[in-house]
Amino acid sequence: MAMTTQLTPAQVTEKLMIQFWTVGYGQTTVADLAAAGQLSRSQFYRRYRSKPVALRQCLQAYQTVLNQQLTRLIERDQALGTPLPALLADCLLMPFKSETWPAGCLMVNLMAEVGDADSLIADQTQAIYLDLQTRLVGLLTRQTQSLPASTATIAASLMQLRTGLQILAKQQPGMTQLKQQAVASVTLLLKAG
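K.L.:
How would you summarise the packing of helix α5 (residues 84-93) against helix α9 (residues 175-191) if you had to cite specific residues and measurements?
P.N.:
For the pair α5 and α9, interaxial distance at closest approach is 8 Å and the crossing angle is 125 degrees. On the basis of their axis angle, the class for α5 and α9 is oblique. α5 and α9 meet at a crossing whose hand is right-handed. Residue-level contacts link Leu84, Pro85, Ala86, Leu88, Ala89, Asp90, Leu92 and Leu93 of α5 to Met175, Leu178, Lys179, Ala182, Val183, Val186, Thr187 and Leu190 of α9. In the contact of α5 with α9, the residues fall into 13 nonpolar, one polar and two charged.

Set out below in structure tokens:
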């Protein structure tokens, strides 16, 4: 007899997150989520209550892991003396470079698919978006004098660039090509004026 390993709650949430990420919110059923999380339907409802609640928990986990990965990336790049355009490009490509997550960005996918149809999900994705934008403002503050616009304006433009890069990442271009496009776009944005 084969023995099945029971997933931890964090592993279940990650499996559900990947289901939403790869299939989409609207196309994912409760049966899909239960199967992905190795849960019975009743276990799913006991733990998550509904599909929207499951998605909100997935978004919380996503934001936590994304923030941790971004912090490590920034610390690594700064320790290596990476120039600001390359550091920003690396940040914009997160989580594209993940070995465990699908291509693209769960937040970008949901903003496009769900929009404001569910206000709680919209608020949560907007909070993640603003958190990332605030991180970019923090990286830009040392360069304030040399920027062609305010740090807030540049950070907002970088987030728009990030959205485009994450959509492009779903088309599976090579990492080198995507990184070159990101660095070139960031460099142009920092010099525009």
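K.L.:
I'd love a proper account of the side chain of Gln124, names of residues and values included.
P.N.:
Assignment of secondary structure puts Gln124 in helix α7 (residues 119-140). Look at Gln124 and you get buried, because its relative accessible area is 14%. Look past the residues within four positions of Gln124 in its chain and what remains in contact with it is Arg56, Leu59 and Gln60.

K.L.:
If you had to explain empty space enclosed by the protein to someone new, which residues and values would you point to?
P.N.:
Inspection of the entire model under this criterion finds one cavity of 30 Å³ or more. In this structure, the largest cavity encloses a volume near 50 Å³. Looking at the largest cavity, the residues that line it are Leu70, Cys91, Leu92, Leu132, Arg135, Leu136, Met159 and Arg162. Those elements that place two or more of their residues in the lining of the largest cavity are α5, α7 and α8 (151-169). Along the lines of polarity and charge, the residues of the lining of the largest cavity split into six nonpolar, no polar and two charged.

K.L.:
How would you explain the state of the cysteines if you had to name every residue and give the values?
P.N.:
By the definition in use, this model includes zero disulfides. We note that Cys105 lacks a disulfide partner, and the nearest cysteine sulfur, in Cys91, lies 13 Å from it.

K.L.:
Before we move on, can you summarise the pattern of salt bridges with the specific residues and values?
P.N.:
This model, assessed by the stated rule, comprises three salt bridges. Between Arg76 and Asp90 there is a salt bridge, with the nearest N and O atoms lying 3.6 Å from each other. Of the two residues, Arg76 sits in helix α4 (residues 51-79) while Asp90 sits in helix α5, which places them 14 residues apart along the sequence. We classify Asp90 as buried; its relative accessible area is 4%. Through salt bridges that share partners, Arg76, Asp77, Asp90 and Lys179 make up one connected network.

K.L.:
Just give me the short version of the packing of helix α1 (residues 9-23) against helix α3 (residues 41-48), but keep the residues and values in it.
P.N.:
When two helices pack together, you describe them by how their axes are tilted relative to each other and by the distance separating the axes. In the contact formed by α1 and α3, the axes pass within 13 Å of each other and the chain directions differ by 100 degrees. One finds that α1 runs roughly perpendicular with respect to α3. Contact residues: α1 offers Pro9, Val12, Thr13 and Leu16, while α3 offers Phe44, Arg47 and Tyr48. Of the residues contributing to the contact of α1 with α3, the split by class is five nonpolar, one polar and one charged.

K.L.:
Quick one: what's the story with the environment of Leu55, residue by residue and with numbers?
P.N.:
Along the chain, Leu55 falls in helix α4. Classification of Leu55 as buried rests on a relative accessible area of 0%. In sequence terms Leu55 and Leu16 are 39 residues apart; their C-alpha atoms lie 7.8 Å from each other. Excluding residues within four positions of it along the chain, Leu55 makes contact with Phe20, Tyr25, Leu110 and Ile121.

K.L.:
Account for the packing of aromatic side chains, naming residues and giving values.
P.N.:
How two aromatic rings sit relative to each other is set out by the distance from centre to centre and by the angle between their planes. On inspection of all chains with the given rule, the structure shows six aromatic pairs. Ring geometry for Phe44 and Tyr45: centres 5.5 Å apart, planes at 80 degrees, overall edge-to-face. Owing to a relative accessible area of 33%, Tyr45 belongs among the partly exposed residues under this scheme. Arranged with centres 5.2 Å apart and planes meeting at 25 degrees, the rings of Tyr62 and Trp101 form a pair that is stacked. Here Tyr62 is found in helix α4, whereas its partner Trp101 is found in the loop between α5 and α6 (106-113), with 39 residues between them in sequence. The two residues Tyr62 and Trp101 agree in class, both being buried. Feature note: the residues Trp21, Tyr62 and Trp101 constitute an aromatic cluster, connected by ring pairs. Over the ring of Tyr25 we find Lys51; its NZ or CZ atom is 4.5 Å from the centre of that ring.

The rules behind the values
- Residues numbered from 1 in each chain as written.
- Predicted model: local features only at pLDDT ≥ 70, side-chain atom pairs only at ≥ 80, totals over all residues.
- Heavy atoms only, no water.
- Axes fitted to C-alpha atoms, helices over the stretch in contact; angles between N-to-C directions.
- Helix = DSSP H or I, 4+ residues; strand = E, 2+ residues; numbered from the N terminus.
- Parallel < 35°, antiparallel > 145°, perpendicular 65-115°, else oblique.
- Left-handed = near helix turned anticlockwise from the far one by under 90°.
- Contact = heavy atoms within 4.5 Å.
- Nonpolar A, V, L, I, M, F, W, Y, C, P; charged D, E, K, R; others polar.
- Buried < 20%, exposed > 50% of the residue type's maximum accessible area, 1.4 Å probe, protein only.
- 1 Å grid on protein atoms, 1.4 Å probe; cavity = no way out; pocket = protein on both sides within 12 Å on 5 of 7 lines; lining within 4 Å.
- Points joined across faces, edges and corners; volume = space filled by probe spheres on them.
- Disulfide = S-S within 2.5 Å.
- Salt bridge = Lys/Arg side-chain N within 4 Å of Asp/Glu carboxyl O.
- Phe/Tyr/Trp six-rings, centres within 6.5 Å; stacked < 30°, edge-to-face > 60°.
- Lys NZ or Arg CZ within 6 Å of the ring centre and 35° of its normal.

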